[in-house]
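Summary of the model geometry
These are the residues of each chain, in order.
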Amino acid sequence: MIGLKSTLNVIDNSGALLIECVNVLKQKVNNGWGSVGDEIVCVVKRARPVSAATQASTTAIKVRRGDVRRAVIVRTKKSVRRPDGRFIRFDDNAAVLLNNKREMLGTRIGGVVSADLRMKGWGKIVSLAPKVV
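These numbers were taken from a predicted model, which means no experiment stands behind them.

Next up on the list: the side chain of T76. You can see T76 is positioned in the loop between β4 (68–75) and β5 (80–81). Residues contacting T76, with those up to four places away along its chain left out, are M1, I2, V36, R89, F90, D92 and N93.

This is how it looks when you write it as structure tokens:
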């Protein structure tokens, strides 16, 4: 259950560390709350520092503090019910940053993601994740 002003960890290598949700992009089914697989608009609250050496390289950090970006939720603390009756819950809220074409900004994912992403059309994120629960 991610809503306005919720903070999420970023688990890709785009350069952002912490983001804050400002809008949930989906049909008005759940009164503005987002869950795993939903797209959100967010503001980068904390990012990795950019040095002069890394700025010139091809793997330059793609985001800065204060940037407004889109992201997809990959983990939530609120438990989600699976079709077989099990409930799945994570220790934190996490997201992966996207560009305006709904493609990932980063090239790697550094953490566990929910298997529900595959059903919602985010197979690329699931394939790059080191572990899927």
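Next, the rest of the story.
This part is about the sheet that holds strand β2 (residues 16–25). Here five strands make up a closed barrel; going around it, the order is β1-β2-β3-β4-β7 and the pairing mixed. Adjacent strand axes in the sheet meet at a mean angle of 55°, parallel and antiparallel pairs treated alike. Relative to strand β7 (residues 94–98), strand β1 (residues 7–10) runs parallel, the two sharing two bridges. Its bridge partner lying in β7, V10 is registered against A95.

Tracing the backbone through its elements, the reader meets N99 in the loop between β7 and β8 (112–113). Here K101 takes part through its backbone nitrogen, which lies 3.0 Å from a polar atom of the side chain of N99. Ignoring sequence-local partners within four residues, the contact set of N99 consists of R70 and L105.

Definitions and limits used
- Residues numbered from 1 in each chain as written.
- Predicted model: local features only at pLDDT ≥ 70, side-chain atom pairs only at ≥ 80, totals over all residues.
- Heavy atoms only, no water.
- Helix = DSSP H or I, 4+ residues; strand = E, 2+ residues; numbered from the N terminus.
- Contact = heavy atoms within 4.5 Å.
- Pairing = 2+ DSSP bridges.
- Axes fitted to C-alpha atoms, helices over the stretch in contact; angles between N-to-C directions.
- Polar contact = N/O pair within 3.5 Å; in protein donor to acceptor, adjacent residues only side chain to side chain.

Without other data, these values stay purely geometric and don't point to any function.
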